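# Tertiary structure, described
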Amino acid sequence: MKRILSTLLALSMIASLCTPVYAAETSGANDGFPLSEGLVEYLATDKDELLMNPNNYGYMVLVENLSSNATSSVLMHSADELTGTGLTPGQEEYTRVLTDLMISYEMYQTESLSAQYADATEALTHSQAEFDNLLAFIEEHADEELKTAASNLRTNMKTALELKLETSAPSSGTDPQAVNGQFLTDDFISSLMETEEYSQNETFRSFVLCALFSRTNANYVRAFTESGSSQDPLPLVYVNQPGKDLMKRLQELTAFYEISCILQTQLSDLASEFSSQSPSVDSEDIAEKYNFYSDFLIMCRTHGEYYLYSIAALNEDLLSWLGVQNIEEAKQWCSQKYSKIKEIETELEKAQAPGIDYENLVTDAYSKTLESSGKTLSFRIPEIHLDSPEVEQINNDIYTTMMAYVEEAETLDIYSLTCGNASYEWTTCGDILSLIIKYDMHPFTEAYSNYSIYNIHLTTGTQLNTETFLQLYGMSKEEYYETAKMALGSYWWDMYYDFTTQENLSDTLIKIAQEQLTTTMSTDNIDGAKPYINANGDLCIICRIYTMAGANSTPFSINLAHFELSPYYSETIPSATAPAAVTPETAAPTPETATPTPETAAPSVTISEEEARAIAESYWNFHEGDIAEETGFPLGVQMQDSPPSSDEYRFALRWLVDNSHWSTLDAIYINPTTGECRSAY
C-alpha cells in the first residue's frame, strides 16, 4: 500500500513540476539598509520579495500544482480512494496547523513577555490576545473548514486562558510572578486533561489533544532550525497506516498553503497602505500589523518546508522531486531552505527595532597596546550602544574596572608577566545581547582566564538574570541544570580520568577527587554559572571546574550545545580496589590483594549486568526503539553504576531531547543479589 501511494505521489510531484522549488532570487540594488529607517527601507529590499514570493517555497509550489495540474489531480484521486481520506484538510488538520503556528510563535517571539511585563498574568493575557487577533483575522478571511477551525480555537483558547489564570491566582497559593510567561506549556496542556471541560466538551478535548501533538511538532521544527543539518523528519503518527500518514502530511501542507496565501495577501495590502501614508500614527499602526503577520508567515514558511522534507524523507521514492539522492542530501536541502528564511527573519527583526545599529552594537570604548622586552599586551574595553539607564551604568562599571587593570599593567615590568591581555566578543540571538569579557590581568601570574558576562535584553535595555535569560532562549531551568551537570561532569572526567584510575591511588586522594567531582557537578556550582550565547548561537556557560592541582577551582567556558558525553562519565570515583571501574560498561573487577573482612567485602553478585538491564527494562516496560508519546523523543535505558564500585546496579530511563542530549526521566537501584528494585529518588 505504502509503495503504491509513494509512487502515485512521486508521479504527481513530477507532473506538477512546471515551476522550480526556488525561483530566481531578485537582487535589489540595496544589499543592506540603514537600520534607523526600519520598515520603510526593509520594504525596498529583496528580502521582502523573497518572503512574499510563493515560488521560493517548495510546499507552496507542490500544493499549488497538485491542485491545478489535471494529471496530478487524477493521481491524487487514486491515492484518496486507496486511503479513504481526502487531500482537503479537515478541522483536525486546520486546528493542528494553527496550534503549531501559535506554539512556535510563542517559543520564538513572546518568550520576552516575562521580561517586558512585571506580572506574569499580564504576559499571559497579552499572549492569548495576540493569538486571538490572528485567529479572528483567519476566521474573517478563510472559507468553510478553516473558518470553523479558527472560530472554535478562539473559544477554546479563551477557556484555556481562564483555566491558566486560575492556576496563577493568589488563592491557589501560586505566585503569579513565578508562572511561566508562555501560555501553552507542556505542563499546562497536560493539566487541561484533568479538567471537567476536557471530559465533557468534545471540541475542547480535540483542541487539547491537538495542542499536545503540536508541542511535539514545534520541538522538532525548533530542533531543525537550531541544529543545522542534523535534524530528523517529523515522527510517524499513523505508524500502522503509512498511507494514511502520508495523506495526513499532505493535508497539513495544504493547510499551511492556505494560511500562507491569506497572510501573503494581507502583507501585500499592508505594504501598499504603508507606502502611501505620510508619517503618522496610522503608519505606526500599519507597521506593527505588518510585523505581526510577517512573523506568522515566516512560521508558515519554516513549517511548510520542514513538513515537505519530512514527507520526502519518509518516502524515498519522493527524494528525486527535491533534486536529492538520499536522506542526508534531503537534510542539507532542508537546512539551506531554513538558512534563507532565517536571513529574511533576521532582517525583519532589525526593521522591528529600528533604533538599534546591530553592526555597531558593541564597540571599543578604549584600546591600548603595551610593548616591552619582546612582549605585547593588548587591552580592549567594550561599550554597549543601547539607550537605557541600566546599560549606561554597565558601561561605566566595565570601564572603571578594566581601566584600573590597564593602569596597573602600565606600572609593572611586562617581562615578568605570564599574561595580561583583555578582550571581548559579543553576539545577539533574538532579543538577547551576550557580551563576554575575557581578561588575564590580575593577578598576572594566573595561568587561566577570568571572565565577565553581561546578558542584555535588547528591547528593554535591562540586564537578564539566569531565569529570564533561559526563558528568552527557550530552555527550561530543569533542562539547563541537567545539561550543565552532564557537561561539567564530562569535562572533569576528561581531565582526571587517568589520574583517578592510576594504580595505588591513596584513599585520601580518592576522597579529595570525589569531593572535587561532586562539587563540580553540584547545583550550587551551576547556580554560580554565567550563561551566554557564543558567536555560533550556542548556549554556553562560564563555570568553575574543581581541580586536583593548583587552584582549588578554575573558571572554564563550557559549550552546552556541543559537548561529548564522556565515556567515563559517572558521579562516583572508583574505589582503590577497582581502579579501572569508571563506568559499568568498562568496569572489570580487580583481584583483591588481601582477604576482605566482612566490613570491606564487596556485595554478593548473583545477577549479571545483562539480567539487571532486563529487570530495569521490564520495570519501565521499555522496548528497543520506544519513543515518548508526549514529545516524540527517543527513549533509552542506560546503566549509571554497578558493582563492585557500587553496592547496587543503578539504571536510568532517559529521553533524547531535540536529538542533541539525554535527559533523565527516572532512575532505580537494583539489588545485585535479589534483583529487587527501588527508586533512586
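Parameters at a glance
For every chain, the first residue of the written sequence is number 1, and numbering continues from 1 onward in sequence order. Owing to the predicted nature of the model, reporting of local features is limited to residues with pLDDT of at least 70; listing and counting of side-chain atom pairs is limited to 80 or more, with chain, interface and lining totals taken over all residues. Only hydrogens and water are removed before side-chain values are computed, so all heavy atoms of the structure are retained for them. Any residue with relative accessible area above 30% and no salt bridge may belong to a patch, with like charges joined within 9 Å and the nonpolar Val, Leu, Ile, Met, Phe, Trp and Tyr side chains within 5 Å. For every accessible area listed, the method is Shrake-Rupley and the probe measures 1.4 Å; residues are considered covered only by the protein chains on display. Salt bridges are counted wherever a side-chain nitrogen of Lys or Arg sits within 4 Å of a carboxyl oxygen of Asp or Glu. Two residue types count as positive, namely Lys and Arg, and two as negative, namely Asp and Glu; His and chain ends fall outside the count. Where a charge lies is defined by one atom per residue type: Lys uses NZ, Arg uses CZ, Asp uses CG and Glu uses CD. Only DSSP runs of H or I with at least four residues qualify as helices, and only runs of E with at least two residues qualify as strands; both kinds are numbered from the N terminus onward. One bridge is not enough; two strands pair if DSSP finds at least two bridges between them. Joining through side-chain atoms within 4.5 Å is the link that ties buried Ala, Val, Leu, Ile, Met, Phe, Trp, Tyr and Cys residues into a set, and such a set is a nonpolar core. The buried label goes to any residue with under 20% of its type's maximum accessible area, the exposed label to any with over 50%, and the partly exposed label to all in between, with areas taken from a 1.4 Å probe on protein chains only. Note on contacts: a residue pair qualifies if any of its non-hydrogen atoms lie within 4.5 Å across the two residues. Between N-to-C directions, angles span 0 to 180 degrees; the directions come from axes that are lines fitted to C-alpha atoms, helices contributing only their stretch in contact. What counts as a ring pair is set by centres within 6.5 Å for rings of Phe, Tyr and Trp (its six-membered ring), and what kind of pair is set by the plane angle: stacked under 30 degrees, edge-to-face over 60, tilted for all other angles. Comment: the charge-over-ring label is applied if NZ (Lys) or CZ (Arg) is within 6 Å of the ring centre and within 35 degrees of the ring normal.

This paragraph deals with a negative patch on the surface. On the surface, E162, E166, E196 and E197 cluster together into a patch of negative charge. Secondary structure elements with two or more residues in the negative patch: α9 (144–167) and α11 (196–200). Tracing the backbone through its elements, the reader meets E196 in helix α11.

Our focus in this paragraph is the pairing of strand β3 (residues 422–429). Sheet topology places β3 next to strand β4 (residues 432–439); eight bridges connect them, and they run antiparallel. When the sheet's bridge partners are listed, A422 is paired in β4 with Y439. Linking β3 back to β4 in an antiparallel pair, the connection comprises two residues, with G430 at a positive phi of about 60 degrees.

Right, let's talk about the nonpolar core for a bit. Counting residues in hydrophobic clusters, the biggest one holds 81 residues, and the most contacted among them are I138, F207, L253, I259 and L263. It is helix α14 (residues 281–313) that provides the largest number of residues to this core, a total of 16 residues. Setting aside residues up to four positions removed in sequence, L263 forms contacts with L134, F137, Y293, F296, L297 and C300. Core analysis: the next-biggest nonpolar cluster, separate from the first, contains 34 residues, Y473, A487, W493 and L517 among them.

Before going further, it helps to spend a moment on unusual backbone geometry. Peptide bonds are trans in most cases, and residues, glycine excluded, mostly fall at negative phi. Phi at E144 takes a positive value of approximately 45 degrees, unusual for a residue other than glycine. With respect to the helices, strands and loops of the structure, E144 is situated in helix α9. On the basis of relative accessible area, E144 is assigned to the exposed category, the value being 67%.

A few words now on the sheet that holds strand β6 (residues 530–533). The strands making up a sheet associate through hydrogen bonds between their backbones, and the pairing can be parallel or antiparallel. Spatial ordering of the open sheet is given by β6-β7-β8, a layout of three strands whose pairing is antiparallel. Edge positions in the sheet fall to β6 and β8 (553–559), since each has one partner strand and no second. Going from strand to strand, the sheet's axes swing by 30 degrees on average, the running direction of each strand aside. Both strand β7 (residues 539–546) and β8 contribute to a ladder of seven bridges, which runs antiparallel. Looking at β8, one finds that I545 is bridged to T554.

Before going further, it helps to spend a moment on the packing of aromatic side chains. All told, the structure shown has 16 aromatic pairs when counted by the stated rule. Ring geometry for W492 against W493: centres 5.5 Å apart, planes inclined by 85 degrees, an arrangement best described as edge-to-face. Taking the relative accessible area as the measure of exposure, W493 reaches 0% and is therefore buried. Relative to Y496, the ring of W492 lies with its centre 5.0 Å away and its plane at 50 degrees, an arrangement referred to as tilted. One end of the pair is W492 and the other is Y496, both in helix α18 (residues 477–500) and four residues apart, which spans about a single turn. A relative accessible area of 0% means that W492 is categorised as buried. Members of the aromatic cluster, each reached through a chain of ring pairs, are Y105, F131, F137, F292, Y293 and F296. For R380, the ring lying beneath its charged end belongs to Y424, and the centroid distance is 4.3 Å.

Once that is clear, we can look at the environment of T547. Positionally, T547 belongs in the loop between β7 and β8. Judged by its relative accessible area of 8%, T547 falls in the buried class. For the pair T547 and I512, spaced 35 residues apart in sequence, the C-alpha separation works out to 9.7 Å. Not counting residues within four places of it along the chain, the set of residues in contact with T547 comprises Y496, Q516, N552, S553 and T554.

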